[in-house]
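# Report on the structure
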There are 2 protein chains.
Amino acid sequence: MNKKLIAAILTVILGAGAGYVLNAFAQAKPETVVKQRQAVMILHAKYMYGHLRPTAQGKIPYDANVVARNAGFIDALSQMPWDGFDPRTKDIQSRAMPAVFSDAAKFKEAQDRYRGEIVKLVAATKGGDEAAVKSQILAVNKSCDGCHESFRESK
Amino acid sequence: MNKKLIAAILTVILGAGAGYVLNAFAQAKPETVVKQRQAVMILHAKYMYGHLRPTAQGKIPYDANVVARNAGFIDALSQMPWDGFDPRTKDIQSRAMPAVFSDAAKFKEAQDRYRGEIVKLVAATKGGDEAAVKSQILAVNKSCDGCHESFRESK
């Protein structure tokens, strides 16, 4: 099988899996779904902008245990928002740009890039190299910004 | 050393640790802190009331992988709200009852009971016994309600 075919099959399998997880939830109202995905971003900001990024920038003293804990929190949080970009929420006022729904493949790519950076951050916090952890925190932050540029309205 | 003395020492050590974590964060505005702790509850509801509880009640088909994932999410979320009950937020309108601030020891006990049930739930999801997992989900839910009764205003 060539790589494109494998990728296409994986997309179908993973897509079906994501659909299952979504459908396994008691159906929430679209307004609730929007609030839930926004809640993830609020908490992401708490740990990323309130602690990890200023730590990487040297504005907060480096504490390996707190950094590892918060990277673990971000690891969990970063898996939570995506089913909240449910097509049923398309017309509800939020900062999600129309491209979230009209260019789902590009949005998924941005999510995957972000998740990939976080997996690397969690691994780095286990490695104990402060400089590597700080540099990876900034890489995660860059992947947040990358997604926001194309998919989130500025304030 | 007797048990009471050990407990007292642990309280001081853990209390100091929690204070350090709090102070290590860039200081957020009290209004932001309230939104952050409310965001945790919104997400807790997503996974607990939207999936885990109805699964335990037989309303949603049991999927061990999704249950384990969501129990992991709840494990992370359940560590996030407590520093949000910052005394600086005491006078901001929310459903937090005055006892949160006036009876901090009892509030901490309720948090610890809840955390203890979640640790047991995560362990149960690793054990693979569906009945045990379902029963432990309901125990977690009971510990949520136990805290809400004394520390959260009804709607």
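Presented here is an overview of the structure given in this document. The structure displayed is predicted, hence computed values, not measured ones. (Residues numbered from 1 in each chain as written. Chains lettered and ligands numbered in written order. Predicted model: local features only at pLDDT ≥ 70, side-chain atom pairs only at ≥ 80, totals over all residues. Heavy atoms only, no water.)

Facing the 27 residues of chain B at the interface are 27 residues of chain A. Taken together, both faces of the contact between chain B and chain A bury some 2,500 Å²; the carbon and sulfur share is 71%. On inspection of chain B and its partner chain A, the count reaches two salt bridges. Residues Lys46 of chain A and Asp83 of chain B are paired through a salt bridge, measuring 2.7 Å at the closest nitrogen-oxygen approach. In this structure, the connection of chain B to chain A is made through four residue pairs in polar contact (both at pLDDT 80 or more). Contributions of two or more residues to the side of chain B that touches chain A are made by helix H1 (3-24), helix H2 (30-56) and helix H3 (64-77) of chain B. No other element matches the ten residues that H2 of chain B contributes to the side of chain B that touches chain A. Its residues assigned to classes, the side of chain B that touches chain A comprises 17 nonpolar, five polar and five charged. (Contact = heavy atoms within 4.5 Å. Buried area = accessible area lost by both parts, 1.4 Å probe. Salt bridge = Lys/Arg side-chain N within 4 Å of Asp/Glu carboxyl O. Polar contact = N/O pair within 3.5 Å; in protein donor to acceptor, adjacent residues only side chain to side chain. Helix = DSSP H or I, 4+ residues; strand = E, 2+ residues; numbered from the N terminus. Nonpolar A, V, L, I, M, F, W, Y, C, P; charged D, E, K, R; others polar.)

Residue and element names in this part refer to chain A. Given a rise of 1.5 Å per residue, 27 residues ought to cover 39 Å, and the 37 Å separating the end C-alpha atoms of helix H2 (residues 30-56) matches this to within 8%. Maximum bend of H2: about 35°, positioned at Met48. Within two residues after H2, Gly58 carries a phi angle of roughly 80°, on the positive side. (Expected span 1.5 Å × (residues − 1). Bend = angle between axes of the 7 residues up to and from the residue.)

Between the two copies, chain B and chain A, the superposition gives an RMSD of 0.0 Å; the rotation angle is 180° and the shift along the axis is 0.0 Å. The superposition operator between the copies reduces to a two-fold rotation axis. The position closest to the rotation axis in chain B is occupied by the C-alpha of Ala39 of chain B, lying 2.3 Å away. Counting the interface residues of chain B, we find that 100% of their copies in chain A are interface residues as well, pointing to one common contact surface. (Least-squares fit on C-alpha atoms with pLDDT ≥ 70 in both.)

Residue and element names in this part refer to chain A. Relative orientation of the contacting elements helix H5 (residues 104-127) and helix H6 (residues 130-151) amounts to 165°, with a least axis distance of 9 Å. By the angle between their directions, the pair H5 and H6 is classed as roughly antiparallel. Between H5 and H6 lies a crossing of left-handed hand. Judged by residue contacts, Lys106, Phe107, Ala110, Arg113, Tyr114, Glu117, Ile118, Lys120, Leu121, Ala124 and Thr125 of H5 engage Val133, Gln136, Ile137, Ala139, Val140, Ser143, Cys144, Cys147, Ser150 and Phe151 from H6. Residues of the contact of H5 with H6, tallied by class, amount to 13 nonpolar, four polar and four charged. (Axes fitted to C-alpha atoms, helices over the stretch in contact; angles between N-to-C directions. Parallel < 35°, antiparallel > 145°, perpendicular 65-115°, else oblique. Left-handed = near helix turned anticlockwise from the far one by under 90°.)

Now for the environment of Phe73 of chain B. Inspection of the secondary structure assignment puts Phe73 of chain B in helix H3. On the basis of relative accessible area, Phe73 of chain B is assigned to the buried category, the value being 3%. A sequence separation of 26 residues divides Phe73 of chain B from Tyr47 of chain B, and the C-alpha atoms of the two residues are 7.8 Å apart. Contact partners of Phe73 of chain B, with chain neighbours within four places excluded, come to Ala76, Gln79 and Met80 of chain A together with Tyr47 of chain B. (Buried < 20%, exposed > 50% of the residue type's maximum accessible area, 1.4 Å probe, protein only.)

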